[in-house]
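Listed here are the chains, written in short residue letters.
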Amino acid sequence: MGCEEDGGDGIGRKEDFPGCGAAASTIPAPATPQSLLTLAIEEACRGVQAAHGGPFGALVVRPVSGAPSSGRDAEVAVLAQCHNEAVRQLDPTAHAEVVAIRTACRRLGTRKLDGCVLYTSCYPCPMCLCAILWSGIRHVYYAATSAEASRAGFDDGRFSSALQAQPQLVQLCTLQHVEHARARAPFEAYRAAVNSGRLEPY
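Criteria and cut-off values
Residues numbered from 1 in each chain as written. Predicted model: local features only at pLDDT ≥ 70, side-chain atom pairs only at ≥ 80, totals over all residues. Heavy atoms only, no water. Helix = DSSP H or I, 4+ residues; strand = E, 2+ residues; numbered from the N terminus. Buried < 20%, exposed > 50% of the residue type's maximum accessible area, 1.4 Å probe, protein only. Contact = heavy atoms within 4.5 Å. Areas by Shrake-Rupley, 256 points an atom, 1.4 Å probe, with all protein chains shown as cover. Expected span 1.5 Å × (residues − 1). Core = buried A, V, L, I, M, F, W, Y, C linked by side-chain atoms within 4.5 Å. Salt bridge = Lys/Arg side-chain N within 4 Å of Asp/Glu carboxyl O. Axes fitted to C-alpha atoms, helices over the stretch in contact; angles between N-to-C directions. Parallel < 35°, antiparallel > 145°, perpendicular 65-115°, else oblique. Nonpolar A, V, L, I, M, F, W, Y, C, P; charged D, E, K, R; others polar. Disulfide = S-S within 2.5 Å.

As annotated in an unreviewed UniProt entry, the protein is CMP/dCMP-type deaminase domain-containing protein from Cyanidium caldarium.

Right under this line is the structure:
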């Protein structure tokens, strides 16, 4: 992958942030949930093709000044566009959402992402949900559901059930499902990579 400068916006260069498929950029309005989830899905497929990890991608965006805090249909700055790096980094915590949060924090020079919005190719696992809450992100949009992930072989039910006794966790942020025609594309790419031997099954 080539490396691009940040264009003078002060939020870093791609080569400074491994696990990210694109340099920081600004997407003009209307940046809809559909269009931003398309980027997350494409990033998930990119990670699978590179055999970096599971079929998941995520974006952290920040609405430009004066835009709605939810980031919906607004001009946004993409602070991180990242995929799952668990295999590449030999790190079970390197999920797409976690890598994206880490990257966005480094780019902004902060550990708090209040006012930012996360777009993810799939409903976040319990670990990622906790990372989202710790980061201060309060709006999340996702494409594939946890049931679709389970059917693809990524079943975090044993962890999710432990959180069912703490429903207040999911009440601390808004998780909104958005139907997307390509929601299952990363899982299909993953299945092909496993069948070809480029990736080991989880």
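Past the structure itself, the notes keep going.
Trainee: Would you take a moment to explain the overall build of the protein for this structure?
Mentor: The secondary structure content of the protein amounts to six helices and six strands. Put simply, the protein runs from its N terminus to its C terminus through helices and strands in the order β-α-β-β-α-β-α-β-α-α-β-α. For the protein, with 202 residues in total, the buried portion stands at 49%. For the protein, contacts bridging at least 24 residues in sequence account for 66% of all contacts bridging at least 6. For the protein, the accessible area works out to roughly 9,500 Å², and carbon and sulfur atoms hold 52% of it.

Trainee: Can you help me understand helix α6 (residues 185-196) in this one?
Mentor: A rise of 1.5 Å per residue sets the reference length of α6, with its 12 residues, at 16 Å; its end C-alpha atoms lie 17 Å apart and thus fit the reference within 8%. Among the residues making up α6, those that are buried are A185, P186, F187, Y190 and A193. Residues of α6 that are buried sit in contact with α1 (33-49), β4 (117-122), β5 (139-144) and α4 (146-151). Positive backbone phi, at 90°, marks G197, one or two positions downstream of α6.

Trainee: Can you help me understand unusual backbone geometry in this one?
Mentor: Note: most peptide bonds trans; most residues except glycine with negative phi. Its identity as a non-glycine residue notwithstanding, A51 has a phi of 60°, on the positive side. Its location among the elements puts A51 in the loop between α1 and β2 (57-63). Of note, L90 is a non-glycine position whose phi angle comes to about 50°, a positive value. Within the secondary structure layout, L90 lies in the loop between β3 (74-83) and α2 (96-108).

Trainee: I'm lost on the nonpolar core in this one. Help?
Mentor: Soluble globular proteins tend to bury their nonpolar side chains together. Core analysis: the biggest nonpolar cluster contains 47 residues, and L36, L59, V60, V61, L113, Y119 and I137 have the highest contact counts within it. Listed by contribution, the elements that provide at least two residues to this core are α1, β2, β3, α2, β4, β5 and α6.

Trainee: What is the right way to read the pattern of salt bridges from this model?
Mentor: Pairs can form between side chains of opposite charge whenever their charged atoms are close. All chains considered together, the criterion is met by four salt bridges. Here R46 makes a salt bridge to E43, at a shortest N to O gap of 2.8 Å. Taken together, the residues span about one helical turn, with R46 and E43 both in helix α1 at a distance of three residues. According to the relative accessible area criterion, E43 is buried, its value standing at 0%. With a closest N to O distance of 3.4 Å, R88 and E85 form a salt bridge. Its relative accessible area of 1% is what places E85 among the buried residues.

Trainee: Explanation requested: the packing of α1 against α6 in the structure shown.
Mentor: The relative placement of two packed helices comes down to the angle between their axes together with the axis-to-axis distance. At their nearest, the axes of α1 and α6 sit 9 Å apart, and the two run at 5° to each other. By the angle between their axes, α1 is roughly parallel relative to α6. Across the interface between the two elements, I41, A44, C45 and V48 from α1 touch A185, P186, A189, Y190 and A193 from α6. Its residues assigned to classes, the contact of α1 with α6 shows nine nonpolar, no polar and no charged.

Trainee: Help me understand the state of the cysteines, please; the structure alone is not making it clear to me.
Mentor: Covalent bonding between the sulfur atoms of two cysteines is what defines a disulfide. According to the stated counting rule, one finds zero disulfides in the structure shown. In this structure C122 is not part of a disulfide, and its nearest cysteine sulfur, from C125, lies 9.4 Å away. Judged by relative accessible area, which is 2%, C122 ranks as buried. Of the cysteine sulfurs around C128, a residue in no disulfide, the closest is that of C125, at 3.6 Å.

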